[in-house]
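Residue-level structural notes
Below, each chain spelled out in residue letters.
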Amino acid sequence: MITPEEETATATASAANVLGTEMALTAALRALIKTHPQPALLAQELTQQRQFSQAHLEASPVPEKALMGFELTWALILDQDPAQEVRLVPAQ
């Protein structure tokens, strides 16, 4: 039988693993975005993919935290302050 302490340690390790994975993928995506030869085309495709994914999430029975994580991850990928509105292209 798993003790409460073991369960907490497992949950903490799992959350840390997910965070590390998210940060690594975010860094890789940011590097790709910054070096893309067609930034306007990339911004258009990112917009479409984000909208599709968000609609799918919103139609799914997922907790609100999943939607919050989705928005935070987009903010991290696009190198923006998560407290600000997420934009796919820099403000002019």
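Residues numbered from 1 in each chain as written. Predicted model: local features only at pLDDT ≥ 70, side-chain atom pairs only at ≥ 80, totals over all residues. Heavy atoms only, no water.

Overview of the packing of helix 2 (residues 39-59) against helix 3 (residues 64-77)
- It is the contact of helix 2 with helix 3, at a shortest axis distance of 10 Å, that shows an interaxial angle of 170 degrees. Taken as axis vectors, helix 2 and helix 3 run roughly antiparallel relative to one another. Crossing of helix 2 over helix 3 shows right-handed handedness. Residues Leu46, Arg50, Ser53, Gln54, Leu57 and Glu58 of helix 2 form the contact with helix 3, whose own contacting residues are Ala66, Leu67, Phe70, Glu71 and Trp74.
- Taken together, the residues of the contact of helix 2 with helix 3 break down into 6 nonpolar, 2 polar and 3 charged. (Axes fitted to C-alpha atoms, helices over the stretch in contact; angles between N-to-C directions. Helix = DSSP H or I, 4+ residues; strand = E, 2+ residues; numbered from the N terminus. Parallel < 35°, antiparallel > 145°, perpendicular 65-115°, else oblique. Left-handed = near helix turned anticlockwise from the far one by under 90°. Contact = heavy atoms within 4.5 Å. Nonpolar A, V, L, I, M, F, W, Y, C, P; charged D, E, K, R; others polar.)

Description of the layout of surface pockets
- Reported here for the second largest pocket is a volume of approximately 170 Å³.
- Those elements giving two or more residues to the lining of the second largest pocket turn out to be helix 2 and helix 3.
- Per-element tally for the lining of the second largest pocket: the top contributor is helix 3, with 5 residues.
- Here the lining of the second largest pocket is composed, by residue class, of 5 nonpolar, 4 polar and no charged. (1 Å grid on protein atoms, 1.4 Å probe; cavity = no way out; pocket = protein on both sides within 12 Å on 5 of 7 lines; lining within 4 Å. Points joined across faces, edges and corners; volume = space filled by probe spheres on them.)

Topic: the packing of aromatic side chains
- In the structure shown here, the tally under the stated rule is 1 aromatic pair.
- Considering the side-chain rings of Phe70 and Trp74, the 6.3 Å spacing of their centres and the 65 degrees angle between planes classify their relative orientation as edge-to-face. Placement of both Phe70 and Trp74 in helix 3 is noted, with a separation of 4 residues, approximately one turn of the helix.
- The exposure class of Phe70 is buried, given its relative accessible area of 13%.
- Of the residues examined, Trp74 reaches a relative accessible area of 10% and is grouped as buried. (Phe/Tyr/Trp six-rings, centres within 6.5 Å; stacked < 30°, edge-to-face > 60°. Buried < 20%, exposed > 50% of the residue type's maximum accessible area, 1.4 Å probe, protein only.)

With respect to helix 2
- Across its 21 residues, helix 2 extends 30 Å between first and last C-alpha, which sits within 8% of the 30 Å expected from 1.5 Å per residue.
- Listing the buried residues of helix 2 in full gives Leu42, Ala43, Leu46 and Arg50. The buried residues of helix 2 occupy an angular sector of 95 degrees when the element is viewed end-on, so they sit on one face. The exposed residues of helix 2 that point more than 90 degrees off its buried face are Ala40, Gln51, Phe52, His56 and Ala59.
- Elements that come into contact with the buried residues of helix 2 comprise helix 1 (4-34) and helix 3. (Expected span 1.5 Å × (residues − 1). Arc of directions from axis to C-beta.)

Observations concerning the nonpolar core
- One finds Leu42, Leu46, Phe70, Trp74, Ile77 and Leu78 forming the largest nonpolar core, which totals 6 residues.
- In terms of residue count, the dominant contributor to this core is helix 3 (3 residues).
- Setting aside residues up to four positions removed in sequence, Ile77 forms contacts with Thr26, Leu29, Arg30 and Ile33. (Core = buried A, V, L, I, M, F, W, Y, C linked by side-chain atoms within 4.5 Å.)

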